[in-house]
Amino acid sequence: MAIEDNPRSREQYGQELRRRREAAGLTQEELSQRAVMSRTHIAHIEAGRRRPDVEDARRLDQVLGADGFFERFLPALDGRKVAEHFAEALEFEGRATEIREYAPKLVPGILQTPEYAREVLSSGAAPKSPEERDELLVTRLERARILENFHSPRVWILLDEAVLRRKIGGPRVMCDQLRHIANLGDGHRIRVHVLPFAAGYHALLEGFVSLMWFADMPPIAYTEGLKSGRIWELPSVVHECQVAYDHALGDALSHRKSLALLREVAEDYEHEAQSAQDS
């Protein structure tokens, strides 16, 4: 019985949570302790800024004796297909005023061309039907629409050189993908920095991280690994991620040199694609 996730449904959901919490005589802090959730998370849900995940909703039902209400009426993503661990981060991404990402292996989703994204979504240990792949592709390409607004969010992308060198979909796909990123950088829509192999070990080498800032709430960090992802809200952890990002950024090439490298590698891929076509 899930209802569509939108600002109004989240607001109504939050109002009901507040009503039932107060009827139970609990403060946000007391509810957070009993439901094993942070007080900040409870506050954001009640304000309509966040939606709990299914496990959170079940714990709220149990603590408040809500007979399954919070799980049944959990606002659901409006038909968008994404990996389960990324669903919450997707909501934040659409509301962020500033995004800074580090990508160690693949081009970040908001920058992927259709051909690159299709190749990524077609791969993996678990095979996907054409229909499943196309649903995921539509969502991924929809995410890129946040770049259509020139002013918000501000986007900084830190790419490991491995992203440029890992051949996803063949040389023609890579050529077009790298030129797409370079064009966004040339047009001042995003700021791009490449961490060259020569930098050796750096502060973010262990994995993907996305830092997000908002107009109406504190910043968060999202980290991701194999089939897993986590939102970090604790200020001390978010600050650690921000510091690590800044340190890694200090080892990266400048924006201008990074764009030059992107175009240089894209040209190499173009020559490779042409040679393959001629042979």
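Each chain has its residues counted from 1, running along the sequence as written. Given that the model is predicted, a residue must reach a pLDDT of at least 70 before its local features are reported, and side-chain atom pairs must reach 80 or more before they are shown or counted; all residues, however, enter totals for whole chains, interfaces and linings. Side-chain numbers come from the whole structure's heavy atoms, not from hydrogens or water.

Describing the confidence of the model for the chain
Then, in step 1: Values of pLDDT, the confidence the predictor places in each residue, fall between 0 and 100. Confidence in the prediction for the chain averages 87 pLDDT; 91% of positions are at 70 or higher.
Then, in step 2: A contact between two residues is defined here by any heavy atoms of the two lying within 4.5 Å. For the stretch residues 78-82, pLDDT sits under 50, and the model shows 13 contacts to residues farther than four places along the chain or on other chains.

Some remarks on the nonpolar core
Then, in step 1: In plain words, nonpolar cores are sets of buried Ala, Val, Leu, Ile, Met, Phe, Trp, Tyr and Cys residues tied together by side-chain atoms within 4.5 Å. Burial here depends on accessible area, computed with a 1.4 Å probe over protein chains only, as a share of the maximum for the residue type. Under 20% is buried, over 50% is exposed, and the range in between is partly exposed. Counting residues in each nonpolar core, the largest one holds 41 residues, and the members touching the most others are L111, L159, L164 and L262.
Then, in step 2: Here this core takes 7 residues from helix α10 (residues 171-186), the largest share from any one element.
Then, in step 3: With residues near it in sequence (within four places) discarded, L262 still touches L159, L164, L178, I181, A182 and V192.
Then, in step 4: Grouped together as the second largest cluster of nonpolar side chains are 15 residues, M37, L64, A66 and F69 included. Secondary structure elements follow DSSP: runs of H or I no shorter than four residues count as helices, runs of E no shorter than two count as strands, and numbering proceeds from the N terminus.

Remarks on the sheet that holds strand β5 (residues 220-225)
Then, in step 1: The strand order β3-β2-β1-β4-β5-β6 describes an open sheet built from 6 strands, whose pairing is mixed. Whereas interior strands pair on both sides, the edge strands pair on one side only; in this sheet they are β3 (190-195) and β6 (228-232). Mean inter-strand twist for the sheet, computed between neighbouring axes without regard to direction, equals 10 degrees.
Then, in step 2: In this description, strands pair whenever DSSP reports at least two bridges between them. As defined by bridge partners, strand β2 (residues 154-160) adjoins β3 across 6 bridges and the pair is classed as parallel. Note that in β3 the partner of D160 across the bridge is L195.
Then, in step 3: Where helices are involved, their axes are fitted lines through C-alpha atoms of the stretch in contact, as for all axes, and angles between N-to-C directions lie from 0 to 180°. On the sheet, helix α12 (residues 255-278) packs against β2 and β3 and is oriented at approximately 75 degrees with respect to β3.

Let's talk about the packing of helix α7 (residues 114-122) against helix α8 (residues 130-143)
Then, in step 1: Viewed as axis vectors pointing N to C, α7 and α8 meet at an angle of 135 degrees, and their least axial separation amounts to 10 Å. Between α7 and α8, the interaxial angle falls into the category oblique. In this structure, the crossing between α7 and α8 has a hand that is right-handed. When α7 is examined against α8, the residues P114, A117, R118, V120, L121 and S122 are found in contact with a partner set consisting of R133, L136, L137, R140 and L141.
Then, in step 2: Class assignment of the residues belonging to the contact of α7 with α8 gives a composition of 7 nonpolar, 1 polar and 3 charged. Reported orientations rely on four angle classes, namely roughly parallel under 35 degrees, roughly antiparallel over 145, roughly perpendicular from 65 to 115, and oblique for the rest. Each crossing is labelled by how the near helix is turned from the far one, with a counterclockwise turn of less than a right angle marking it left-handed and a clockwise turn marking it right-handed. Residue polarity follows a fixed list, in which Ala, Val, Leu, Ile, Met, Phe, Trp, Tyr, Cys and Pro are nonpolar, Asp, Glu, Lys and Arg are charged, and the others, Gly among them, are polar.

Considering α10
Then, in step 1: One fewer than the residue count of a helix, multiplied by 1.5 Å, yields its expected span. With 16 residues, α10 should reach 22 Å at 1.5 Å per residue; the first-to-last C-alpha distance of 22 Å fits that figure.
Then, in step 2: Three or more residues of α10 are buried, namely P171, V173, M174, C175, Q177, L178, I181, A182, L184 and G185.
Then, in step 3: Buried-residue contacts for α10 involve α7, β2, α9 (161-165), β3 and α12.

So, the packing of aromatic side chains
Then, in step 1: Ring pairs shown here join Phe, Tyr and Trp side chains whose ring centres sit within 6.5 Å, with only the six-membered ring taken for Trp; geometry is labelled stacked below 30 degrees between planes, edge-to-face above 60, and tilted in between. Tallied over the entire structure, the rule returns 5 aromatic pairs.
Then, in step 2: Where Y13 meets F70, the ring centres are 5.6 Å apart and the plane angle is 75 degrees; that geometry is what we call edge-to-face. With a gap of 57 residues between them, Y13 in helix α1 (residues 7-23) and F70 in helix α5 (residues 69-72) connect regions that are remote in the sequence. Comparing Y13 with F70 shows no difference in burial state: the two are buried.

Details of the side chain of H44
Then, in step 1: Counting through the fold element by element, H44 comes out in helix α3 (residues 39-46).
Then, in step 2: For H44, a relative accessible area of 4% translates into the label buried.

Considerations on empty space enclosed by the protein
Then, in step 1: Of the grid points, spaced at 1 Å and generated over the protein atoms alone, those admitting a 1.4 Å probe that cannot get out make up cavities, while open sets with protein on both sides within 12 Å along at least five of seven lines make up pockets; any residue with an atom within 4 Å of a point is treated as lining. Grid points are joined across faces, edges and corners, and a volume is the space filled by probe spheres set on the points. Under the counting rule described, the total for this entry stands at 1 cavity of 30 Å³ or more.
Then, in step 2: One number sums up the size of the largest cavity: a volume of about 40 Å³.
Then, in step 3: Residue lining of the largest cavity: R49, R50, E88, E91, F92 and R95, and that is the complete set.
Then, in step 4: Looking at the lining of the largest cavity, its residues break down into 1 nonpolar, no polar and 5 charged.

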